[in-house]
Structure formats: structure tokens, C-alpha cells
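Fold and contact review
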Amino acid sequence: ARQLAAGNLRADSLRLQVRRAAPAAPFAVTVRAQGVRSGRVAMKHAEVSVTGDLRAHHGRFALVAGAGKVEGRFSGSYARGSWRGTLKQMSLVGPELGRWRLAAASQLTVDPKGLSVSALRLASAAGEELSARGKLAFKPLDGVVRGSWSRFRLLRLSPWLGEERLKGESSGELEARWAQG
């Protein structure tokens, strides 16, 4: 399909491929999108491939934005309206970002009521660390997200600051809470 739109999400093209070797065999599903945009976020290419069935599946993803790329692998299961999964591997590479990798597997849960993420920890080739965890309810938006960073090179923020350039490193913690009402 070409020139798709849903809300403020747009894609120049979308390709869905579903394969199954035999009636009782697992599915293999691949979704590829080109020219994906939502607000100020733009991706040249996005691809997700999943093999298995609802009870047990595994997959990989790749996102390309500008000169940067995110790739990863996951596994999961879907039952009673809830998807539970494990982000097993992830890498981020880009000229401004440097090289990052997932430091340890992270547990994810998504259901109609909300989402939760266990310790999602990223480590850079330069020795920096970023981590986040949290639990959010969707309607109404309610919950908490906690993050921390260690030895983060402030120069990495320069592409978003225009002419300004930051130097040095930063370490710290952040907690964001959304409360009903």
C-alpha cells in the first residue's frame, strides 16, 4: 500500500507479508514501512518480523532514522488480552548517538489498561549508561516512570540545541508521575 495515514501517523509505503508452511505450522509475519512520519519524528525505514503463534513467538525489528539505526530481538506471548514479552537484544548506532546496546534483557507487558517495563538498561561503547522502568495506565493516564543516567556525554545533545554546544558529562535520576485527575 502507498501513501497511508492514520491520525498524525503517515507512511509512504507499507508491505505486509504473511507466510505459513502448513496449516498447523507457525506463522511468519513481516511488516515493512518506508517514509514513516509522526509529528517531528521521521524514519526512513521500519521493519518488524515475527515467527510463531499467539502463545509463543519471537521476532526482530529494525528502524532507520537519518544516519541512525535501532535493531533488536524479542520474544513474547499473548493471552487473555495481554502481551508479555522480553526485549532480548537491542543496539542503537548513529553519528550523534555513538554505539549503544541493551545491557540486560527487559520485561515488557502491554494490555488494554496500560504498559509496564522492567529495568531497560542501555550501555554505550564510551561507558555511559541510561536506564528506565515504569508502569503506566492508559485511561486515564496514571503511573510512574523512573530513569537514570551515568557518565552521559552532554555533547550528544548538541544536534537538538541548534548553535549551542554542551561539554562534559552528567549523571542523575528522574522520576515522572502522572496522577488521575
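Quick summary incoming for the structure in this document. Residue positions are counted from 1 within each chain, in the order its sequence is given. pLDDT decides what is reported in this predicted model: residues at 70 or higher carry local features, side-chain atom pairs at 80 or more are listed and counted, and totals for whole chains, interfaces and linings draw on all residues regardless. Only hydrogens and water are set aside; all other atoms, that is, all heavy atoms of the structure, feed into the side-chain values.

**Quick look at the overall build of the protein**
Selection criterion: Secondary structure elements follow DSSP: runs of H or I no shorter than four residues count as helices, runs of E no shorter than two count as strands, and numbering proceeds from the N terminus. Exposure classes here rest on a 1.4 Å probe applied to the protein chains alone. A residue is buried below 20% of its type maximum, exposed above 50%, and partly exposed in between. Residue contacts are counted whenever heavy atoms from the two residues lie within 4.5 Å of one another. For every accessible area listed, the method is Shrake-Rupley and the probe measures 1.4 Å; residues are considered covered only by the protein chains on display. We treat Lys and Arg as the positive residues and Asp and Glu as the negative residues; His and chain ends play no part in the count. Here the site of a charge means atom NZ of a Lys, CZ of an Arg, CG of an Asp or CD of a Glu.
When helices and strands are counted, the protein shows 0 helices and 13 strands. Reading the protein from its N terminus to its C terminus gives the helix and strand order β-β-β-β-β-β-β-β-β-β-β-β-β. The C-alpha extent of the protein, read off along each of the three principal axes, is 60 × 35 × 35 Å. Counting only residues that meet the buried cut, the protein has 28% of its 181 residues in that class. Put simply, 27% of the contacts in the protein that link residues at least 6 apart link residues at least 24 apart. Total accessible area on the protein stands at roughly 12200 Å², and carbon and sulfur atoms take up 57% of it. Measuring between centres, the 30 positive side-chain charges of the protein sit 8 Å from its 14 negative side-chain charges.

**So, the pairing of strand S8 (residues 98–102)**
On a regular strand, each side chain points to the face opposite its neighbour's, so the side chains alternate between the two faces of the sheet. What counts is decided by this rule: A pair of strands counts as paired when DSSP detects no fewer than two bridges linking them.
Across 4 bridges, strand S7 (residues 82–94) lies against S8 in antiparallel orientation. Bridging across to S8, glycine 94 finds its partner in glycine 98. What sits between S7 and S8 in their antiparallel hairpin is a turn of 3 residues.

**Here we look at the environment of lysine 135**
With respect to the helices, strands and loops of the structure, lysine 135 is situated in strand S11 (residues 129–137). What makes lysine 135 exposed here is its relative accessible area of 58%. Spatially, the C-alpha atom of lysine 135 lies 30 Å from that of leucine 161, the residues being 26 residues apart in sequence. Other than its neighbours up to four places away in sequence, lysine 135 contacts Leu115, Ser116, Asp142, Gly143 and Val144.

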